[in-house]
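Overview (structure and organization)
These are the residues of each chain, in order.
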Amino acid sequence: MNAQVHPSICRLCTAYCPIQVTVENGRATKVTGNPRAPLYGGYSCPKGRALPEQHYGEQRLLHSLKRGPDGFGTIPSERAMDEVADRLKAIIAEHGPRSVALYVGMGLVPFVASTAIAAGWLNGIGSSMFFTAGSIDKPGILIALAHHGMWQAGQPHFDTADAWLLVGINPVISKSPGFPGQNPGRVLKDMEKARAKLIVIDPRVTETAKRAHIHMQARPGEDAAILAGMIRIILSEGLDDSDFVAANTQGVAALRDAVEPFTTEYVARRADIAEDDLLAAARIFAGAGNAGVSCGTGPSFATHSTLTEYLALCLASICGHWARAGELLAKPNVLLPGYEARAQPWPPFQAWGFEPRLRVRGLGGCASGLSAAALADEILLPGAGQVKALIVAGGNPMMAWPDQKRAFAALKTLDLLVTMDTEMTATAELSDYVIAPRLTLETPMTTYMPESVKYYGTTRGFPSPYAAYTPALVEPPTGSDVMEDWEFFWGLAQRMGSRIDATIRYGNGPQAEAPSMTFTLDPAGRKPTTDELIELSCKGSRIPLDRVKQYPDGHVFESDQRVLPRAAGNDDRLELAAPPMLEELAQLWAEDNRAIEADYPFRLLPRRTNTILNSFGRRIGRLAGNGVNPAHMHPDDLASLAIAEGDCVTIRSLHGEIQAIVAAESALRRGTISMAHGFGANPGSDDPLHLGANTGRLISVEDGYDPVTGLPRMGNIAVQILPANAIS
Ligand SMILES: Nc1nc2c(c(=O)[nH]1)N[C@H]1C(S)=C(S)[C@@H](COP(=O)(O)OP(=O)(O)OC[C@H]3O[C@@H](n4cnc5c(=O)[nH]c(N)nc54)[C@H](O)[C@@H]3O)O[C@H]1N2
Ligand SMILES: Nc1nc2c(c(=O)[nH]1)N[C@H]1C(S)=C(S)[C@@H](COP(=O)(O)OP(=O)(O)OC[C@H]3O[C@@H](n4cnc5c(=O)[nH]c(N)nc54)[C@H](O)[C@@H]3O)O[C@H]1N2
Ligand code: SF4
Ligand SMILES: [Mo]
């Protein structure tokens, strides 16, 4: 037996854990955490350890497929590209380039150049109908930054934080990039040792909330009100950093007026939390020398997401929790170009109202891109500009888009649907062609992607200047016909006689002027290798890629670079009173969420679990368990409805209904139901006992949608529970 152990990187989620992969006779047989790697303390999770199953399990697509009258049959990938290119050319000739849309999902995230090349291909054929899963995640972050402005130097070093506020984010499980995801359980332990205080707002006693100094188990959907209440306490008690506020912000008086109605007593009653907890949380956050606040998908999906993110920024700014001149720059970059940062803002900027305009709900281009929640309607709405062909790359619209039935109707109307996926997903089932990609251990990669997420929110990115590179460790299984995601777009451009015009700009507004990567590929010329694309993306990096490659276990490339003082004559300011945000705050006040419809007394909340990543790997037994996503409910709620654990109930919203198996969970706030997404089947193939239920079916794309990002209410959904029925 020829077994070797190689260091590598798991890229399933944005944690990018360093791993050790045992390779026997050209196959990856075992994955464990890498104890030699810095930052992660040897951590790996069950999903990462199941990489061999992802690569060699029966579910893996090893050939591209074409749908014929009798179902799917394999097709050589070169021929699939010939046929797809011909059909696209015909569709463009008849309906124009805008009739071709591209949706990029989480499966494409690991390799920045894949998304850049996919988007560059779309550009090259003259379409700007580019949609990503990011638009149905936390799109409000980017719009909030545009309203507020951004602190050039970012936050101080994470290890210096003596308080941290987590709003509806559960990093212990999700490793969501709003909090250091490098072994977050250990990060929390280290915080405890350093006596840093963790404050959590979550309707569930999550794995993270268990470690909190203060946990406000609030009513869902009240996060903006709670943050407004904290700001009011800080300003009225004079706990703000008034020197920082005077020197670097504007609008504090208007903010003070706007939060005035959000008294401690009012907020505590509205969100059903203890007044003392709210007071203590505000005082701890303001009293900290350095503190951060990160909001997750919980508040994002509960409506008012941009406002919540905006108030989180205002909270940080009134407390002056930004890096000051002379401090060490916390995130100096490694694989991205180095940069100089001053202790001054980039002032607010416009981040919406861009081309292209969509034809539905007044939506269009904005900093978070086009809204994927509007794409089904763009496909269904007849007339000039209708989308006729959709390429789905590393995404699963049938599992992930809000309003599953509308997504189903839309995908079935298309003239051409092509999906690139490693498995036969619910979306692939509806496709004309399914393209089989290489998987991660078959491709080289760097930590470039998780490094770059710092440009998409204040608390994101590696907490230290860490980087790693891994070569491909194995070849795809013998006899397979798979390609890298980017090669498919290269192949299409080659056949369509178009170019690939790719640009990656990091960050938002004025910040995006700084590091960027622009390249044009001419598919008439020589095809690059993935390693050449990696080199291209790291051109101008602070640390040369070759040096990073010298450390197979990854390395922290410390820098002694300091934050520079404000430039002479500069008077840019952070905006604490952006009119659209203060107007929304006034609406929130008037809205008063306590009026829960009498007929829909429960609130359905999103959650993530440690073994499942979105809709990935649903067919990998070790991860998916029995394949069901239980509807978690409080035992007292179950008792009051005479429902037993394991019963199948109907969950009905104003928009749709699903059937789900109930599990008791006393960690939940009463009146809430907590369920993972990405389960279930296409309409007509439901099998709640074996495949689980799709929570997207309960969502309406028009309910509470944000006028800029288009994000509808995807959580905090009012539902009723109809008692056990006799499904078997
Ligand atoms: N109801 C509800 N809806 C939600 C959410 C929710 O909480 N509740 N969450 C939302 C969020 S936060 C997000 S980000 C979106 C996610 O939306 P999507 O990205 O559309 O959905 P995923 O389930 O992540 O699908 C990723 C797909 O990529 C495939 N894949 C894995 N590796 C590769 C690869 O190397 N190449 C290719 N081509 N494919 C690969 C996987 O098999 C999977 O089918 O869903 C959103 N939708
Ligand atoms: N294991 C695993 N990791 C993942 C994923 C996965 O599917 N599995 N998905 C990845 C993706 S695409 C993303 S976007 C990230 C998401 O990462 P997170 O944003 O951390 O997502 P969750 O873990 O679902 O945590 C959301 C929390 O919000 C709470 N919540 C629900 N509604 C509300 C509300 O109205 N207010 C407040 N304050 N809290 C609320 C829920 O109880 C839950 O604990 O995770 C990524 N990582
Ligand atoms: S947390 Fe798990 S899935 Fe995410 S990178 Fe680490 S091992 Fe992979
Ligand atoms: Mo996400």
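Residues numbered from 1 in each chain as written. Chains lettered and ligands numbered in written order. Predicted model: local features only at pLDDT ≥ 70, side-chain atom pairs only at ≥ 80, totals over all residues. Heavy atoms only, no water.

The protein chain appears in an unreviewed UniProt entry as 4Fe-4S Mo/W bis-MGD-type domain-containing protein from Sphingobium chungbukense. In its Sequence similarities (unreviewed entry) section, UniProt records this for the protein chain: "Belongs to the prokaryotic molybdopterin-containing oxidoreductase family." (UniProt positions renumbered as here; feature names shortened; annotations may be inferred.)

Turning to helix H3 (residues 77-95), a few remarks are in order. End to end, H3 covers 26 Å across 19 residues, agreeing with the expected 27 Å (1.5 Å per residue, within 8%). Along H3, the residues classified as buried are Ser77, Ala80, Met81, Glu83, Val84, Ala85, Leu88, Ile91 and Ile92. Within two residues after H3, Gly96 carries a phi angle of roughly 90 degrees, on the positive side. (Helix = DSSP H or I, 4+ residues; strand = E, 2+ residues; numbered from the N terminus. Expected span 1.5 Å × (residues − 1). Buried < 20%, exposed > 50% of the residue type's maximum accessible area, 1.4 Å probe, protein only.)

Under the criterion given, the structure shown has 0 disulfides. Cys366 takes part in no disulfide bond, and the closest cysteine sulfur, belonging to Cys295, lies 18 Å away. Cys538 takes part in no disulfide bond, and the closest cysteine sulfur, belonging to Cys10, lies 19 Å away. In this structure Cys538 comes out as buried when scored by relative accessible area, which is 4%. (Disulfide = S-S within 2.5 Å.)

This paragraph deals with the domain arrangement of the protein chain. We note that the domain assignment places domain 1 (69-137 + 349-435), domain 2 (155-322 + 574-585) and domain 3 (596-723) within the protein chain. The distance between the C-alpha centroids of domain 2 and domain 3 comes to 27 Å. At the junction of the two partners, domain 2 supplies 21 residues and domain 3 supplies 22 residues. Both sides together, the interface formed by domain 2 and domain 3 hides about 1600 Å², and carbon and sulfur atoms give 56% of it. (Domains from an automatic or database assignment. Contact = heavy atoms within 4.5 Å. Buried area = accessible area lost by both parts, 1.4 Å probe.)

Not every one of the 30 residues close to ligand 1 is listed here, only the nearest: Tyr103, Met106, Ala400, Asp421 and Ser615. For ligand 1, whose accessible area on its own is 920 Å², the fraction buried by protein is 96%. Residues belonging to the shell around ligand 1 are distributed by class as follows: 13 nonpolar, 12 polar and 5 charged. Counting residues domain by domain, the shell around ligand 1 receives three or more from each of domain 1 (69-137 + 349-435) and domain 3 (596-723). (Near = heavy atom within 4 Å. Areas by Shrake-Rupley, 256 points an atom, 1.4 Å probe, with all protein chains shown as cover. Nonpolar A, V, L, I, M, F, W, Y, C, P; charged D, E, K, R; others polar.)

Taken N-terminus to C-terminus, the directions of helix H8 (residues 223-236) and helix H14 (residues 305-318) make an angle of 20 degrees; their axes are 9 Å apart at the nearest point. As judged from the angle between their axes, H8 and H14 are roughly parallel. The hand of the H8/H14 crossing is left-handed. For the pair H8 and H14, contact is made by Asp223, Ala224, Leu227, Ala228, Met230, Ile231, Ile234 and Leu235 and by Leu307, Thr308, Leu311, Ala312, Cys314, Leu315 and Ile318, respectively. For the contact of H8 with H14, a count of residues per class yields 13 nonpolar, 1 polar and 1 charged. (Axes fitted to C-alpha atoms, helices over the stretch in contact; angles between N-to-C directions. Parallel < 35°, antiparallel > 145°, perpendicular 65-115°, else oblique. Left-handed = near helix turned anticlockwise from the far one by under 90°.)

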